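Now for the letters of each chain:
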Amino acid sequence: MTLYGVVETGGTKMVCAIVAGPDDVRDEVRFPTTTPEDNIPQIIAFLQRHHQQSPLAAVGIGSFGPIVLDRSLSNYGSVAPTTKPGWSNAQVVAPIRAALTIPVGFDLDVTTAGLGELMWGAGKGLNHVVYYTVGTGIGAGVITNGQPIACLAHPEAGHQRISRLPEDTFPGNCSFHVDCLEGMAAGPAIEKRWGVKAHLLPPDHIAWRFQADYLAQAVMNTILFVSPQRIILGGGVMDQEHLFPMIRTRVLERLNGYINLEPITHHIDEFIVPPALGNRAGMLGALVLAMRAAGHASAEV
Ligand code: ADP
Ligand code: ZN
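**Structural notes on the pairing of strand β7 (residues 138-144)**
Of all seven residues that make up β7, six are buried, and the element is covered over most of its length. Pairing between strand β6 (residues 129-134) and β7: six bridges, direction antiparallel. Residue Y131 lies in a different strand from β7, and its bridge partner there is G141. In the sheet, β7 pairs with strand β8 (residues 147-148) via two bridges, with the strands oriented antiparallel. When the sheet's bridge partners are listed, T144 is paired in β8 with Q147. Taking the residues that link successive antiparallel strands as the turn, the β7-β8 hairpin has two residues, and the phi of N145 there is positive, at about 50 degrees.

**Observations regarding the sheet that holds β8**
Hydrogen bonds between backbone groups are what pair the strands of a sheet, and the pairing can be parallel or antiparallel. Here five strands make up an open sheet; going across it, the order is β8-β7-β6-β9-β10 and the pairing mixed. This sheet does not close on itself; its edge strands, each paired only once, are β8 and β10 (272-273).

**Some words on the domain arrangement of the protein chain**
You can read the domains of the protein chain as domain 1 (3-109 + 279-299) and domain 2 (122-275). Domain 1 and domain 2 are separated by 27 Å when their C-alpha centres are compared. Contacts between domain 1 and domain 2 engage seven residues on the former and seven residues on the latter. When the area that domain 1 buries against domain 2 is broken down by residue, the three leading residues are L69, L108 and R292, summing to 52%.

**Describing the coordination of the zinc ion (ligand 2)**
Protein ligation of the zinc ion (ligand 2) involves H159 (ND1), C174 (SG), H177 (ND1) and C180 (SG), the donor distances falling in the range 2.1 to 2.4 Å. The coordination sphere of the zinc ion (ligand 2) comprises four donor atoms, whose angles at the metal cover 103 to 122 degrees; the geometry is tetrahedral. Sequence spacing among the residues donating to the zinc ion (ligand 2) works out to H-x14-C-x2-H-x2-C. Highlighted residues: H159 in the loop between β8 and α4 (181-185) and C180 in the loop between β8 and α4, separated in sequence by 21 residues. The exposure class of H159 is partly exposed, given its relative accessible area of 24%. Residue class for C180 comes out buried when judged on its relative accessible area of 0%.

**With respect to the packing of helix α6 (residues 206-226) against helix α7 (residues 243-255)**
Contact geometry for α6 and α7: axes closest at 8 Å, N-to-C directions at 55 degrees. Relative to α7, the element α6 lies oblique. Here the hand of the crossing between α6 and α7 comes out right-handed. Across the interface between the two elements, W208, R209, Q211, A212, D213, L215, A216, Q217, V219, M220, I223 and L224 from α6 touch L243, M246, I247, R250, V251, R254 and L255 from α7. Split into classes, the residues belonging to the contact of α6 with α7 amount to 13 nonpolar, two polar and four charged.

**Quick word on the packing of aromatic side chains**
Applying the stated criterion across every chain yields a total of three aromatic pairs. Ring centres of F64 and W87 lie 5.4 Å apart, and the angle between their planes is 80 degrees; this geometry places the pair in the edge-to-face category. With F64 in the loop between β4 (56-63) and α2 (93-100) and W87 in the loop between β4 and α2, this pair connects stretches of sequence that are 23 residues apart. Residue class for F64 comes out buried when judged on its relative accessible area of 6%. Owing to a relative accessible area of 1%, W87 belongs among the buried residues under this scheme. Look at Y76 and F106: their rings are 6.3 Å apart centre to centre, the planes differ by 80 degrees, and that puts the pair in the edge-to-face class.

Calculation criteria
Residues numbered from 1 in each chain as written. Chains lettered and ligands numbered in written order. Predicted model: local features only at pLDDT ≥ 70, side-chain atom pairs only at ≥ 80, totals over all residues. Heavy atoms only, no water. Buried < 20%, exposed > 50% of the residue type's maximum accessible area, 1.4 Å probe, protein only. Helix = DSSP H or I, 4+ residues; strand = E, 2+ residues; numbered from the N terminus. Pairing = 2+ DSSP bridges. Domains from an automatic or database assignment. Contact = heavy atoms within 4.5 Å. Buried area = accessible area lost by both parts, 1.4 Å probe. Donors = N, O, S within 2.8 Å, 3.2 Å for Na, K, Ca; no water. Tetrahedral: all angles 85-135°; square planar, octahedral: opposite > 155°, others 65-115°. Axes fitted to C-alpha atoms, helices over the stretch in contact; angles between N-to-C directions. Parallel < 35°, antiparallel > 145°, perpendicular 65-115°, else oblique. Left-handed = near helix turned anticlockwise from the far one by under 90°. Nonpolar A, V, L, I, M, F, W, Y, C, P; charged D, E, K, R; others polar. Phe/Tyr/Trp six-rings, centres within 6.5 Å; stacked < 30°, edge-to-face > 60°.

See below:
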């Protein structure tokens, strides 16, 4: 039996686990995200303790972004300059690989969750999916041919342009672009616009009509740019299940018949879907990264 180390580095907490398969978690720890000087040694200590008892084949890490994914760069595997205090240019992959001397897979948190969904969740059996998370921020993992796309860097689809509804007077709250998708439709934007936490807004509130339209624009842009087989919408805000039918309707209205593909025109309910793995997606995606880093073909689709 093969063991893998999996790590999720999040904005508020770190999760590390030892797993033998998607339903076989052997040990797990969580600790608060503070500084890389504290957190990276904590991660290493947990992994190393297990690795010394029974060797791990590889480690998979899903990280908050932005991160450096260009393998030709000397700072591959680090956090890119970020507003998160202390984490700009922090090395993540290098110290873990140096300490354990085993392969390390690394990708963005949202891409990692998308990989988990592709392998064992809402994208099972497919090769091309886009996974959005709509939470404190908005991000998208783009997976084609079973692989995350990473070119110069990972996509930043949370900051795509959308057009505001004329009746929406909220200026937007992205500190870089003001009224990009994240600035208009992430949880904090909803809260700021209406002066109340998003989960307290009743389902018939006009807030959800705005929300459905903005997310529908993002879905439409995604269809036009990537043409995936399925789009998975996750994150805290998407716990509002009534958004799904609203988004599907708006996507069809906004596309206005331009895309004539059956999965979209006839099966939109299966084209725009919620995640199937809930909060396990990140962990399972990190397992895919670890299995692939170890060269295990069972992690290929
Ligand atoms: P994070 O993005 O920080 O990892 P979440 O995906 O849970 O975490 O997103 C948190 C955001 O989602 C907050 O802005 C919160 O207001 C919003 N949110 C959480 N649960 C709900 C809900 N049930 N309905 C609407 N919004 C929610
Ligand atoms: Zn932005």
